[in-house]
Structure formats: C-alpha cells, structure tokens
Amino acid sequence: QASKGTPYSPMTMAAANNPAISMTPGDVEGQQTGETEAEIKKIKAKPVPKPAVRKKDNFLLPDYLAMQQIISENKTFDINYIDKQVKLISTKMINTLKTNMVVAFMNALGPVTNDLLVKVSFIRREIEHRSQLLINRLTNDIVNNLRRKIDIDTSDDKISMIHIIFDSFKYRTDFISKTETDRAKNLGLIMRFVMNQQGNLKGKLITDSEACAMCIQHSQNILTLNSVSLSDIPPHHHGCKCGLQST
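Owing to the predicted nature of the structure, the values given are computational and were not obtained by experimental measurement.

Brief notes about helix 4 (residues 79–109)
An ideal rise of 1.5 Å per residue puts 45 Å on 31 residues; helix 4 measures up with 44 Å between its terminal C-alpha atoms. For helix 4, the N-terminal capping position is held by Asp 78, with its side-chain oxygen 3.0 Å away from the main-chain nitrogen of Asn 80. Downstream of helix 4 by a residue or two, Gly 110 has a phi angle that is positive, lying close to 85 degrees.

Have a look at this one:
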C-alpha cells in the first residue's frame, strides 16, 4: 500500500529510482491516488536501464598476486608443484567470489518469503557453480600457458615468463569481480521487482547497432520469477550496456 502522502507504493518508487529496471506509466496503473505532474513525468521519463556500474576493489586480486609470488619463488619450476599451488589458491578465490556474489544478491533481494526459499536456494547453488567455473577456467588457462612456456633456459627467463603470463590474465580478475557481483545484484533486484509487481521482464538492448550476438540472443528472453537465472542477467560481458524492461 502507498504510504501516507505518497501517491505510489514504496516498491514503485524504488523501481522508479533504480537504473537496473525500466518502467512505463502503465506499470503503476491503479496505484495513482493524487499524483502530481512532476511525479507523473518522473515515471514517463524513466531512462533506458543500464546494468549496475559502480567503482569497487578487485577483491580477487590479492589471492591472484599471492599465487604469482608463490610460483615465482619456486626455484625448481616444477609444473606439478605449480599446479598444486594454483589449485589451493583457486579454492580460496572461488570462495571469495561466491561470498561476494551471494552478499550482493541477498542485499538486493531483501527479505525472503517462504515461497521464495526454494528459488533462493537454487540461485545460491548456481552462484557456487558459476564461481567454480569462472575461477577454474582462469587458473587452467594460466597453468596451460605455464606448461607450454616454462621450458626455457635460465631461471631469470622463467621468472620473467611467469610475470608476463600472470600480467596477461590479470584483467580477468577485475572483470570477474565487477561483472559477476553486478550480475548477482541485478538478479536480486529483478526478482524483487517481479515478485512485488506480479509482472515479467525481458532483455532490452541499448541500441541495436552496438549489440553483439550474445546480447541480441538474451534480449529475446522473457524472464519470470520461476525461470530467471544468472545466465539471463546483464551485464552479459565486459562493457555490456544491456538492461531489462517490464512486459
């Protein structure tokens, strides 16, 4: 219900101020109880939604740099030892990513009703699986590159090669940290919106001319509370400008 003196419900006002969700005047039909011209214009002028973008630390970087240091300090350059150390630290990175994604998702979702417990449990398992997939893919690429290039002559050359390889993959820790927590946050916001508005959402492209094949594919999906998952949610890739709109 709308609060006293406010022509829209708290959820409508939250959605109207949320850049991850677009609205039209029809979305709040029936809730208007004395709206002002300025408030109507605010809903009508709702901008094209953009994925959540915010400055934050690369929380995967400390463990990534620790992995690089441990491998560089191994004077034998034993690939089996390197592989073991990478796996140990990658487990910690997986847990770090999973924790940050779960926190972002749950904070955005808010209070969970009993009918959502099964869905939330499924999402948390999906977050765990996605964390494992992304980090294992990253560390496997590192180890495979080390295997191909570690058989060079001198120790100094080996250390230099290790630094080059780790530097070449470092951007992915920043990308994963930012994109995946934004994705988890947006999923929480979307589930809360769908749950409260009793409506559905679909992907929305910023401009067709800038859209890649992946974004075009996702823009065709209709998201419901039962079907929505992490893979459906923008950002779909680095620099993705996709959003969502109500249907």
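Next comes the rest of the write-up.
What to know about the layout of surface pockets
Looking at the second largest pocket, its volume works out to about 180 Å³. Every residue along the wall of the second largest pocket is listed here: Arg 130, Leu 134, Arg 137, Arg 172, Phe 175, Ile 176, Glu 180, Arg 183, Met 214, His 236 and His 237. Breaking the lining of the second largest pocket down by element, the ones donating at least two residues are helix 5 (117–149) and helix 6 (155–197). Of the residues forming the lining of the second largest pocket, the biggest block, 5 residues, is contributed by helix 6.

Concerning the pattern of salt bridges
Summed over all chains, the structure comprises 6 salt bridges. Linked through salt bridges whose partners overlap, the residues forming this network are Arg 130, Glu 180 and Arg 183.

Remarks on the nonpolar core
One finds Phe 105 and Leu 146 to be the most contacted residues of the largest nonpolar core, which totals 45 residues. When residues of this core are traced back to their parent elements, those giving at least two are helix 3 (61–72), helix 4, helix 5 and helix 6. When residues no more than four places from it in sequence are discounted, the contact partners of Phe 105 are Val 120, Ile 123, Ile 127, Ala 184, Lys 185, Leu 187, Gly 188 and Met 191.

Looking at the environment of Ala 184
With respect to the helices and strands, the residue Ala 184 is situated in helix 6. In the structure, Ala 184 is positioned 57 residues away from Ile 127 in sequence and 8.1 Å away in space, judged by C-alpha atoms. Beyond its immediate chain neighbours, meaning those up to four positions away, Ala 184 contacts Met 101, Ala 104, Phe 105 and Leu 230.

Examining helix 3
An α-helix turns once every 3.6 residues. As a result, residues three or four positions apart point the same way. With 12 residues, helix 3 extends 16 Å between its outermost C-alpha atoms, agreeing within 8% with the 16 Å of an ideal straight helix rising 1.5 Å per residue. Asp 63, Tyr 64, Met 67, Gln 68, Ile 71 and Ser 72 are the residues of helix 3 that are buried.

Details of the packing of helix 4 against helix 5
Axis separation between helix 4 and helix 5 bottoms out at 8 Å; the angle between their running directions is 150 degrees. In terms of their interaxial angle, helix 4 and helix 5 are classed as roughly antiparallel. Remark: the crossing between helix 4 and helix 5 carries right-handed chirality. Residue classes in the contact of helix 4 with helix 5 are distributed as 18 nonpolar, 5 polar and 6 charged.

Rules behind the numbers
- Residues numbered from 1 in each chain as written.
- Predicted model: local features only at pLDDT ≥ 70, side-chain atom pairs only at ≥ 80, totals over all residues.
- Heavy atoms only, no water.
- Helix = DSSP H or I, 4+ residues; strand = E, 2+ residues; numbered from the N terminus.
- Expected span 1.5 Å × (residues − 1).
- Polar contact = N/O pair within 3.5 Å; in protein donor to acceptor, adjacent residues only side chain to side chain.
- 1 Å grid on protein atoms, 1.4 Å probe; cavity = no way out; pocket = protein on both sides within 12 Å on 5 of 7 lines; lining within 4 Å.
- Points joined across faces, edges and corners; volume = space filled by probe spheres on them.
- Salt bridge = Lys/Arg side-chain N within 4 Å of Asp/Glu carboxyl O.
- Core = buried A, V, L, I, M, F, W, Y, C linked by side-chain atoms within 4.5 Å.
- Buried < 20%, exposed > 50% of the residue type's maximum accessible area, 1.4 Å probe, protein only.
- Contact = heavy atoms within 4.5 Å.
- Axes fitted to C-alpha atoms, helices over the stretch in contact; angles between N-to-C directions.
- Parallel < 35°, antiparallel > 145°, perpendicular 65-115°, else oblique.
- Left-handed = near helix turned anticlockwise from the far one by under 90°.
- Nonpolar A, V, L, I, M, F, W, Y, C, P; charged D, E, K, R; others polar.

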